[in-house]
Amino acid sequence: MSLKLNLIFSIISILVITIGCEKENKVEPPRDPAEQIIADQLALDGYLKTHFYNYEDFTNEPQNFNLSVKIDTIMGENANKTPLMDQVQSKKIRYHHRDNQEITYEYYYLILREGSGMNPHIADSAFVSYKGELLTRKQFDARLTPIWMDLTRVIRGFGEGISLLKTGDFKVNEDNTVDFYDFGQGVFFFPSGLGYYSNSSPGIPEYSPLVFQVSLYTLKETDHDGDGILSKDEYDRDSNGLPDDTDGDGVPDYLDAT
């Protein structure tokens, strides 16, 4: 084979490899939120109509704060169970996506115990335990030992759920361990637009509606920028789901001490 032919084949090979890589690396644009919300709503409705939780345990032992939520499919020996759809409540959440498209989402929640203390704001810090699942009931995350979470750094659906609960009370034992009681517990079911949407996360495919079981023990009101104004009073005055930036300097008000 001549040098000229070798050169031609080399160029062709490079072009084929380059085109193939470009196809593999091509990033799909995010779906239209107005269209995705329809698919998410159908998936959530189907899930809530075909699943139940262990409500009888909570009815029989209302003061047992060691109870955990167990969700299962309505079938076989569980065919006569009451579906989640007949037990959840719902509310509308207005949310502005980054492209300024406003979407109103249906948010489902199940309050097992309201709690006896305060409701946290989405700009507070909360001491919680939780478990997160997909609609397939595959668990993607869990924190059974309570941890502090800055609610400004969590997905919107998670923060909205925690704000529906109230804190509890606690006692310190002789061995310096702490027992919490009268705290809020709930389960929250929400569409991908209030979760990770087009972004994937470990164990969470893109466009996944999510289910979170949460216990709220206590909270701390925060002042992120140390300006003497609580973050909850600066965070989202227009209730569009995005932090306010009233002076337009690119820094949210709750982080802007100037």
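Analysis parameters
Residues numbered from 1 in each chain as written. Predicted model: local features only at pLDDT ≥ 70, side-chain atom pairs only at ≥ 80, totals over all residues. Heavy atoms only, no water. Salt bridge = Lys/Arg side-chain N within 4 Å of Asp/Glu carboxyl O. Buried < 20%, exposed > 50% of the residue type's maximum accessible area, 1.4 Å probe, protein only. Helix = DSSP H or I, 4+ residues; strand = E, 2+ residues; numbered from the N terminus. Core = buried A, V, L, I, M, F, W, Y, C linked by side-chain atoms within 4.5 Å. Contact = heavy atoms within 4.5 Å. Pairing = 2+ DSSP bridges. Axes fitted to C-alpha atoms, helices over the stretch in contact; angles between N-to-C directions.

*Asks:* Mind laying out the pattern of salt bridges, listing which residues take part and the relevant values?
*Replies:* By the definition in use, this model includes twelve salt bridges. We note a salt bridge from R94 to E102, for which the minimum N-O separation is 3.3 Å. For E102, a relative accessible area of 40% translates into the label partly exposed. Here K232 ties to E221 by a salt bridge, and the two come within 2.6 Å at their closest N and O atoms. Taken together, the positions of K232 in the segment after strand 10 (210-220) and E221 in the segment after strand 10 put the pair eleven residues apart, joining distant regions of the chain. The class for K232 is partly exposed, based on a relative accessible area of 29%. Taking relative accessible area as the criterion, E221 reaches 36% and is therefore assigned partly exposed. What you see here is one network of salt bridges that share partners, running through K91, R156 and E160.

*Asks:* Requested: an account of the nonpolar core, with residues and values cited.
*Replies:* Counting 28 residues, the largest nonpolar core has V128, F158, I162, F190, L210, F212 and V214 as the members making the most contacts within it. Discounting residues that sit within four places of it in the chain, V128 has contacts with T145, P146, I147, M149, I162, V214, S215, L216 and Y217. If you look at the next biggest cluster of nonpolar residues, it comprises 19 residues, including Y47, F52, F58 and V211.

*Asks:* Talk me through the sheet that holds strand 4 (residues 102-113); I want residue IDs and the actual numbers.
*Replies:* Here we have six strands laid out as an open sheet, ordered 3-4-9-10-5-6, and antiparallel in their pairing. At either margin of the open sheet sits one strand with a lone partner, and together these are strand 3 (89-96) and strand 6 (139-150). Adjacent strand axes in the sheet meet at a mean angle of 25°, parallel and antiparallel pairs treated alike. Two strands pair when backbone bridges link them, and strand 4 and strand 9 (residues 184-190) are joined in this way by five bridges, in the antiparallel orientation. Within the sheet, the bridge partner assigned to R113 lies in strand 9 and is Q185. Contacting strand 4, strand 9 and strand 10, helix 2 (residues 33-50) runs over the sheet at an angle of about 25° to strand 4.

*Asks:* Before we move on, can you summarise the pairing of strand 9 with the specific residues and values?
*Replies:* When you tally the buried positions in strand 9, you get seven out of seven residues, the bulk of the element. Every second residue of strand 9 is oriented toward a common face, with G184, G186, F188 and F190 on one face and Q185, V187 and F189 on the other, all of them buried. Here seven bridges tie strand 9 to strand 10, and the two strands are oriented antiparallel to one another. Pairing of F190 across the sheet is with L210, part of strand 10.

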